Amino acid sequence: MQVGTFSVKPIEEGGIFCSSNIPLLYKHYDGQSSSLVIKNLENLKGSLGEVQELAKYQQVRLVWSRSNFIEDSSMAEDKAVLQKLRPHHDLETIEIEGYRGDEFCYWMMNINSSLPNLVTVKLSNIANCQCLPPLGQLANLEVLRISDMPSVRKVDGHVYGTEKPFRKLRELELSTMKNLEEWSTTTLLLTGHNDHQLSRSEEVFPNLQVLLIANCPRMRFVPGFPRSRECTLEKSCSILLSFEQFIGSSNLALIALKINDSGSSSDIVKFLQGCVNLLYLTIYSCIDLITLPEPIKNCHCLRKLEITNCWNFSVLPEWLGEVTFLQKLDIQASKLEYLPQSIQRLTALERLVLNKCNYKLRERCTSGEDKEKIKHIKTIDMNEVTPTLDR
């Protein structure tokens, strides 16, 4: 896919920047590019009609490059500029980066009717907007990525609309949302008429495949955690701390889970109790993890298990032998003293990695008591602890 890039430059008249080169955008279209990036939108000056050239592209990225320099006038200017940059009805992907307004323009707040065919939406580095557009009613939306919107604190019904929110959404990525505290995973609908109205709960994300939450330290899902096929949690400690239940389609069985510096070992134990279908599990940087969380023994289909940068990890339990389909085991071994007898029952295990392996365990595995336990494993990697010099 060819991507066209247009950089907005101010035009000086009589020592004053009163216009820009945006009228030249029509010359930029080469007849082949389906994607357009417009940069330096903060340089748009003067009156601006609707930019008709955007009708030629399927994917549009709008970038304000000096988002750190915010004045009251720039908020209003950015909103007016965004309104004039309304893409065409059939646009499939829109990205907005560095927008300085404190609210989105009219067509963004009515995005379901203005851009009904959107498949991908990306919003990033938007400092002042407190509310997201009603993205939940985009019937064709499959990918949603939101990052660095520090004024957003809560996401609820105003984002979802009336019914079946995010019906086709497959990928949801939230990153660096420092002040986001709550994302609701249900929306209440009223049914019936007048005095006989009843409320019912409508689940969101019925088809979610990939969920990534990174650097969202305050965020929690209410009332339940959305089901997905793959989930990555990174530096978002409140997510697991507040976990109560999974919510959503029972057909979405979680098969791949990565947890990086996102909660204590007890939080992880509680979360894993609802993850019996896992095939791949990685736990990274859990400071108080001493042994494997016990719910793992119920993950009978688990193929790959990694425990990395968990510096207090010191025991592999005997029940490890119950995870009989395990093919790769990658373990933090700096404090691990021995391997369990039951590792011999892991006949499918093809690769064993003992990261930062201490000298005592290395001796046991190469010429001592643990050598016989692992002779059936095709590949064994024991990388050593790197010594440090006292200063």
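Look up: the structure comes first, before these words.
Residues numbered from 1 in each chain as written. Predicted model: local features only at pLDDT ≥ 70, side-chain atom pairs only at ≥ 80, totals over all residues. Heavy atoms only, no water.

> Teacher, can you tell me more about the overall build of the protein here?
Counting its secondary structure elements, the protein contains 8 helices and 24 strands. Taking all 391 residues of the protein together, 46% fall into the buried category. Accessible surface, the protein: about 19100 Å² in total, of which carbon and sulfur atoms supply 47%. (Helix = DSSP H or I, 4+ residues; strand = E, 2+ residues; numbered from the N terminus. Buried < 20%, exposed > 50% of the residue type's maximum accessible area, 1.4 Å probe, protein only. Areas by Shrake-Rupley, 256 points an atom, 1.4 Å probe, with all protein chains shown as cover.)

> In this structure, what is going on with unusual backbone geometry? I would like to understand it.
Both trends apply: most residues other than glycine have a negative phi, and most peptide bonds are in trans. For the bond from Val222 to Pro223, the omega torsion is 0°, close enough to zero to count as cis. Position of Pro223 among the secondary structure elements: in the loop between strand S15 (220–222) and strand S16 (225–226). With a phi close to 55°, Asp148 is a non-glycine residue in the positive phi region. Here Asp148 lies in the loop between strand S8 (143–147) and strand S9 (154–155). Here Asp148 falls in the partly exposed class, since its relative accessible area comes to 30%.

> Would you mind going over helix H7 (residues 265–272) with me for this structure?
Side chains that are three or four residues apart share a direction in an α-helix, a result of its 3.6 residues per turn. Those residues of H7 not exposed but buried are Ser265, Asp267, Ile268, Phe271 and Leu272. The arc enclosing the buried residues of H7, seen along the axis, measures out at 155°, which places them on a common side. Buried residues in H7 make contact with S16, helix H6 (237–241), strand S18 (246–247), strand S19 (256–260) and strand S20 (280–284). (Arc of directions from axis to C-beta. Contact = heavy atoms within 4.5 Å.)

> Any chance you could explain the packing of aromatic side chains here in plain terms?
The description of an aromatic ring pair rests on the distance of the ring centres and on the angle between the ring planes. Evaluated as defined, the whole model comprises 12 aromatic pairs. Ring geometry for Trp183 against Phe205: centres 6.2 Å apart, planes inclined by 40°, an arrangement best described as tilted. Placement of Trp183 in strand S11 (residues 182–184) and of Phe205 in the loop between strand S13 (198–203) and strand S14 (210–214) is noted, with a sequence separation of 22 residues between them. The burial state of Trp183 is the same as that of Phe205; both residues are buried. Here Phe225 and Phe271 contribute two aromatic rings whose centre-to-centre distance is 5.0 Å and whose plane-to-plane angle is 75°, an arrangement assigned as edge-to-face. Placement of the pair is Phe225 in strand S16 and Phe271 in helix H7, with a sequence separation of 46 residues. The pair formed by Phe225 and Phe271 is uniform in burial state, with each residue classed as buried. Here the aromatic cluster, defined as three or more aromatic residues joined through ring pairs, consists of Phe221, Phe225, Phe243, Phe246 and Phe271. (Phe/Tyr/Trp six-rings, centres within 6.5 Å; stacked < 30°, edge-to-face > 60°.)

> Just to check I follow, could you spell out the pattern of salt bridges for this structure?
Two side chains that carry opposite charge are able to pair once their charged atoms sit near each other. Under the criterion given, the structure shown has 19 salt bridges. The closest approach of N and O atoms between Arg61 and Glu95, which form a salt bridge, is 3.8 Å. Separated by 34 residues along the polypeptide, Arg61 in strand S5 (residues 59–63) and Glu95 in strand S6 (residues 93–97) bring together distant segments of the chain. Accessibility expressed as a relative area gives 23% for Glu95, which makes it partly exposed. For the salt bridge of Glu182 with Lys154, the shortest nitrogen-to-oxygen distance reads 3.9 Å. Residue Glu182 is located in strand S11, and its partner Lys154 is located in strand S9; the two are separated by 28 residues in the primary sequence. (Salt bridge = Lys/Arg side-chain N within 4 Å of Asp/Glu carboxyl O.)

> Looking at this model, I keep getting lost on the sheet that holds S15. Mind explaining?
The strands making up a sheet are joined through hydrogen bonds of the backbone, oriented either antiparallel or parallel. Sheet architecture is open: 3 strands sit in the order S9-S11-S15, paired in parallel fashion. This sheet does not close on itself; its edge strands, each paired only once, are S9 and S15. (Pairing = 2+ DSSP bridges.)

> Just to check I follow, could you spell out the pairing of strand S17 (residues 230–234) for this structure?
For a regular strand, side-chain orientation follows a simple rule: the groups alternate between the two sheet faces. Of the two faces of S17, only the one carrying Cys231 and Leu233 is buried; Glu230, Thr232 and Glu234 on the other face are not. Relative to S17, S14 runs parallel, the two sharing 5 bridges. Of the residues in S17, the one forming a bridge with Ile213 is Leu233. Here S17 runs beside S19; their pairing, made up of 5 bridges, is parallel. Within S19, the position partnered with Cys231 by the bridge is Leu257.

> Looking at this structure, how should I read empty space enclosed by the protein?
A probe matching the size of a water molecule, rolled over the atoms, marks out where space remains unfilled. Overall, the coordinates contain 2 cavities of 30 Å³ or more when judged by the stated rule. Counted as a void, the largest cavity has a volume near 40 Å³. Estimates place the volume of the second largest cavity at around 30 Å³. Contributing to the lining of the second largest cavity are Leu41, Glu42, Leu44, Glu77, Asp78, Val81 and Arg100. Split into classes, the residues belonging to the lining of the second largest cavity amount to 3 nonpolar, no polar and 4 charged. (1 Å grid on protein atoms, 1.4 Å probe; cavity = no way out; pocket = protein on both sides within 12 Å on 5 of 7 lines; lining within 4 Å. Points joined across faces, edges and corners; volume = space filled by probe spheres on them. Nonpolar A, V, L, I, M, F, W, Y, C, P; charged D, E, K, R; others polar.)

> I keep staring at helix H8 (residues 359–366) and nothing clicks. Help me out?
Residues of H8 that are buried: Leu361, Arg364 and Cys365. Down the axis of H8, the buried set is contained in an arc of 95°. They therefore lie on one face. Contacts from the buried residues of H8 go to strand S23 (351–357) and strand S24 (379–384). With a side-chain oxygen positioned 3.2 Å from the backbone nitrogen of Lys360, the residue opening H8 is Asn358. (Polar contact = N/O pair within 3.5 Å; in protein donor to acceptor, adjacent residues only side chain to side chain.)

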